[in-house]
Amino acid sequence: MIFHTALPKEAETLQSWNEKYESYLKKKQPGSPQAPGAGSLSRSLADNLQQLQAVLGANGDLVIRDFLLFGRHEAAIVFLSSLVNEEQIREHILKPLLPGPENSPGVPEDPDHLIHYIWAKAVQVTQGNTEQKLDHLPPAIVKGSLALLINGVTESLLLDIRQVDLRGVDQPQTEQVIRGPREGYVEKLENNLALLRYRLQSTDLRIEISPLGRRTQSRVALCYLDSIADPQLVAEAMRRISIIDTDGIIDAGYIEQFIEDQPLSPFPQVQNTERPDKTVAALMEGRVALLVDGSPFALIVPALFNQFFQTVDDYTERFIMGSLIRIIRLIALASSLFFPALYVSVISFNPELMPTDFAVAISGGRAGVPFPAVLEVLIMEVSMEVLREATIRLPQMIGGALSIVGVLVIGQAAVEAGLASPITVVIVALTTIGSFATPAYNAAIALRMLRFPLILLAGMFGLYGVMIGTIVIFNHLLFLESFGVPYMSPFIPGKWRDWKDTLVRVPLWWMRRRPSFLHTTDSTRLPEAVPGVYEDQILQQGGETDDPYPSDHNAAGRSRNR
């Protein structure tokens, strides 16, 4: 079957490059006629096809296939071969429409009724709609729809048959876990929404989908739980998305930069994740999620400071282990920010704070280094940042070799060359390892960025400089908000009830209510008696009650409350 029929002749896609070049220059000359395309569909099939091709241009993957509909009506289908499954077109669209009138009983004689007959009784496609405006056809075709036009009919049938091969669901690359689900988002929006539906099989889940971006028309999905999310939060998220007016949305990161509260702050105010389970947990807390077609990341708002050092492992492991790992992570976060600055300030201004033997050892190690401590640390930190960035950008097979060479150069070779002392190498190495322990990549970058001004302040003013820099950073954190929620919640303002999932993570059965700062319409996670049941079990193990399995858990809870 010959499938590509180009109309008219001058738009032949296999013309030489020289002809393409001359044709392009001719079209771009000032005063050249603008392509038609606006208005309603004409009854002439040839006119409609000519105007469509003028709007869509001479694209190599544009297919216009004319045929005799039911053996007696001139018709044509228009689609982009790169976006559709041609086998589906042959089997489910052309095959039912090509037979002659003897094989198609019941076909209406009036051409105006053909479109509805085809949709109701001929084609085997699940999604489609009719369209009377000619200028609405090109945007639908470039999104993967097939347009069916019939001579003498001022209405077109648009069939959604888009099929793009993408990678399958795989483990997230940026959020690895020891114990937890292994699936991550992919680029296709329908797959990502299916992953959400699979984990959150609730009739309360609401998904609002609309295009965004004047040229890309990227579909953006806003997800929330209707019975939990604060209506004002949902409305605010919709408002911020609605005012975005840009050429294109290539990734979810584009939207993040338009909707965040303080674009000049180094701290992220929108959380991104590759994990459907993390998104579902956020929705169940009362947050709002955004997904973009073509992006394997979801955005979660509001995002607070304490979210950026929490991982899925904190909740899949028992609360004692989860809390211990979280505390270790916080220590690593603080060390990655303050360790180099404290080292510079103590070495440069307050060596008396160190034990004498340790101070002597450090002085011996720095004997051959010609630079002051602040310059020495800055050289090593910059070298590590360059090595880290080069390792990430290089292909994996080369990046591993580069990291080994870089570590040797920055480590032992730098010490032997007199560029740095051994203790400085140790300090920078511990700082780098600490920054790797921060789960959120964008939050880790913010801390790396703030480390340099702190080192400079330490080099100029010693511990006073570190203190001033720390006060400025904390003041900035207190100033920040994310969608109306203070960034340092629940620490400031103090919400003691919400501290159960911050520095440590208490047992799941103890977190009976959702975070109060999200102002959810349903704040209850667990029935009131559930915590009492588990507390009674703990007391029973301690010998304080005789009945290990009370028949009435509510009665047990009431008894405890009394």
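These remarks concern the structure in this document. Counting restarts for each chain, with residues numbered from 1 along the sequence as it is written. Note on the predicted model: pLDDT of at least 70 is required for a residue's local features to be given, and 80 or more for side-chain atom pairs to be given and counted; whole-chain, interface and lining totals, by contrast, use all residues. The side-chain figures draw on all heavy atoms in the structure; neither hydrogens nor water molecules are used.

1. Focus on the overall build of the protein
Within the protein one finds 19 helices and 12 strands. Classification of the 562 residues of the protein by burial places 44% in the buried group. Entry remark: accessible area of the protein is about 29300 Å², with carbon and sulfur atoms responsible for 59%. By the criteria applied, helices consist of DSSP H or I runs no shorter than four residues and strands consist of E runs no shorter than two, each listed in order from the N terminus. Each residue's exposure class comes from its accessible area (1.4 Å probe, protein chains only) as a fraction of the maximum for that residue type: buried when under 20%, exposed when over 50%, partly exposed otherwise. The Shrake-Rupley method, run with a 1.4 Å probe, gives the accessible areas here. Residue values count only the displayed protein chains as cover.

2. Structural notes on the sheet that holds strand E1 (residues 62-69)
Picture the strands of a sheet paired through backbone hydrogen bonds; they go either parallel or antiparallel. Strand order across the open sheet formed by 5 strands is E1-E2-E4-E5-E3, with antiparallel pairing between neighbours. Edge positions in the open sheet fall to E1 and strand E3 (128-131), since each of these has one partner strand only. For this sheet, the mean inter-axis angle between neighbouring strands, taken without regard to orientation, is 20 degrees. A strand pair is defined by DSSP finding two or more bridges across the two strands. Here strand E2 (residues 73-80) runs beside strand E4 (residues 145-150); their pairing, made up of 4 bridges, is antiparallel. Residue pairing for E4: Val78 is matched across the bridge by Ala147. Should any heavy atoms of two residues lie within 4.5 Å, those residues are counted as being in contact. Fitted lines through C-alpha atoms give the axes, limited to the stretch in contact for helices. The angle between two N-to-C directions lies from 0 to 180 degrees. Against the sheet, helix H2 (residues 45-56) touches E1, E2 and E4, its axis set at about 10 degrees to E2.

3. Comments concerning the environment of Pro99
Secondary-structure assignment places Pro99 in the loop between helix H3 (86-97) and helix H4 (114-122). Residues Pro99 and Phe70, 29 residues apart in the sequence, show an inter-C-alpha distance of 5.3 Å.

4. Considerations on H3
A helix's residues, less one, multiplied by 1.5 Å, set its expected span. With 12 residues, H3 ought to run about 16 Å at 1.5 Å a step, and its terminal C-alpha atoms sit 15 Å apart, in line with that. Taken residue by residue, H3 has Ile89, Ile93, Leu94, Pro96 and Leu97 as its buried positions. Buried residues in H3 make contact with E1, E2, H4, E4 and strand E5 (156-160). Two N or O atoms count as a polar contact when they lie within 3.5 Å, although within protein this holds only if one can serve as hydrogen donor and the other as acceptor, and sequence-adjacent residues are included solely when both atoms are side-chain atoms. One side-chain oxygen at the N-terminal end of H3 lies 3.0 Å from the backbone nitrogen of Glu87; it belongs to Asn85.

5. Some points on the pairing of E5
In terms of residue burial, E5 counts as a mostly covered element, since 4 of its 5 residues are buried. In this structure, E3 lies alongside E5, joined through 4 bridges in antiparallel fashion. Note that in E5 the partner of Asn129 across the bridge is Leu158. Pairing of E4 with E5 involves 4 bridges; the strand directions are antiparallel. Note that in E5 the partner of Leu148 across the bridge is Leu157. Hairpin geometry of E4 and E5 is characterised by an intervening segment of 5 residues between the two adjacent antiparallel strands and by a positive phi of about 90 degrees at Gly152.

6. Brief notes about the pairing of E1
Among the 8 residues of E1, 6 are classified as buried, and the element is accordingly described as predominantly covered. Here E1 hands over to E2 after 3 residues, with Phe70 in that stretch at a positive phi of 55 degrees.

7. Observations concerning a nonpolar patch on the surface
Side chains of Leu456, Met460, Phe461, Tyr464, Met467 and Ile471 sit close together on the surface and give an oily, nonpolar patch of about 660 Å² of accessible area. If you list the elements that add at least two residues to the nonpolar patch, you get helix H16 (441-461) and helix H17 (463-479). Relative to the assigned elements, Met467 resides in helix H17. According to the relative accessible area criterion, Met467 is partly exposed, its value standing at 45%. What goes into a patch is any residue over 30% in relative accessible area without a salt bridge, connected to like charges within 9 Å or, for nonpolar side chains (Val, Leu, Ile, Met, Phe, Trp, Tyr), within 5 Å. We define a salt bridge as a side-chain nitrogen of Lys or Arg found within 4 Å of a carboxyl oxygen belonging to Asp or Glu.

8. What about the nonpolar core?
Of all hydrophobic cores here, the largest spans 45 residues; its most connected members are Val78, Leu97 and Ile118. When residues of this core are traced back to their parent elements, those giving at least two are H2, E1, E2, H3, H4, helix H5 (137-142), E4 and E5. By residue number, the principal contributor to this core is E2, which donates 6 residues. Apart from the residues within four sequence positions on either side, Leu97 is in contact with Phe67, Leu68, Leu69, Phe70, Ile118, Ala122, Val123 and Leu148. Here, the term nonpolar core denotes a set of buried Ala, Val, Leu, Ile, Met, Phe, Trp, Tyr and Cys residues that are joined through side-chain atoms within 4.5 Å. Counting 38 residues, the second largest nonpolar core, distinct from the first, contains Leu333, Leu378, Ala446 and Phe491.

9. Side note on the side chain of Ser435
Turning to its location among the elements, Ser435 is positioned in helix H15 (residues 422-436). Side chain to side chain, Ser435 and Arg388 meet in a polar contact 3.3 Å long. Other than its neighbours up to four places away in sequence, Ser435 contacts Ser336, Arg388, Ala444, Arg448 and Arg451.

10. Some words on the packing of helix H13 (residues 373-393) against H15
Helix-helix packing is characterised by the crossing angle of the two axes and by the distance between the axes. At a minimum axis distance of 10 Å, the contact between H13 and H15 shows a crossing angle of 40 degrees. Classified by the angle between their axes, H13 and H15 sit oblique to one another. The way H13 lies across H15 gives a crossing that is right-handed. Listed contacts from H15 to Glu376, Val377, Met380, Glu381, Met384 and Arg388 of H13 are Thr424, Val425, Val428, Thr431, Thr432, Ser435 and Phe436. By definition in this entry, angles of less than 35 degrees are roughly parallel, angles greater than 145 are roughly antiparallel, angles of 65 to 115 are roughly perpendicular, and the rest are oblique. Throughout, a crossing is termed right-handed when the near helix is turned clockwise from the far one, and left-handed when it is turned anticlockwise from it by less than a right angle.

11. Regarding the sheet that holds strand E9 (residues 288-292)
Within the open sheet, the 5 strands sit side by side as E6-E7-E9-E10-E8. Their pairing is antiparallel. Looking at which strands have only one partner, the edges of the open sheet turn out to be strand E6 (205-212) and strand E8 (271-273). For this sheet, the mean inter-axis angle between neighbouring strands, taken without regard to orientation, is 25 degrees. In terms of strand pairing, strand E7 (residues 218-225) meets E9 through 4 bridges, oriented antiparallel. Counterpart to Cys223 in the pairing with E9 is Ala289. Strands E6, E7, E8, E9 and strand E10 (298-301) of the sheet are contacted by helix H8 (residues 252-259), whose axis makes an angle of about 135 degrees with E9.

12. A look at the packing of aromatic side chains
Any two aromatic rings considered together are summarised by their centre-to-centre distance and by the angle between their planes. Ring geometry is summarised as follows: Phe, Tyr and Trp rings, the Trp one being its six-membered ring, pair when their centres sit within 6.5 Å, and such pairs are stacked at plane angles under 30 degrees, edge-to-face over 60 and tilted between the two. Summed over all chains, the structure comprises 7 aromatic pairs. On the basis of an interplanar angle of 55 degrees and a centroid distance of 6.5 Å, the ring pair of Phe267 and Tyr487 is categorised as tilted. Here Phe267 is found in the loop between H8 and E8, whereas its partner Tyr487 is found in the loop between strand E12 (485-486) and helix H18 (529-541), with 220 residues between them in sequence. Each member of the pair, Phe267 as well as Tyr487, is classed as buried. Joined through ring pairs, the aromatic side chains of Phe267, Phe305, Phe309 and Tyr487 make up one cluster. Any Lys NZ or Arg CZ found within 6 Å of a ring centre and within 35 degrees of that ring's normal is scored as a charge over the ring. The cationic tip of Arg240 hangs over the ring face of Phe483; the distance from NZ or CZ to the ring centre is 4.0 Å.

Everything listed here is a matter of coordinates, which is why it stays silent on function.
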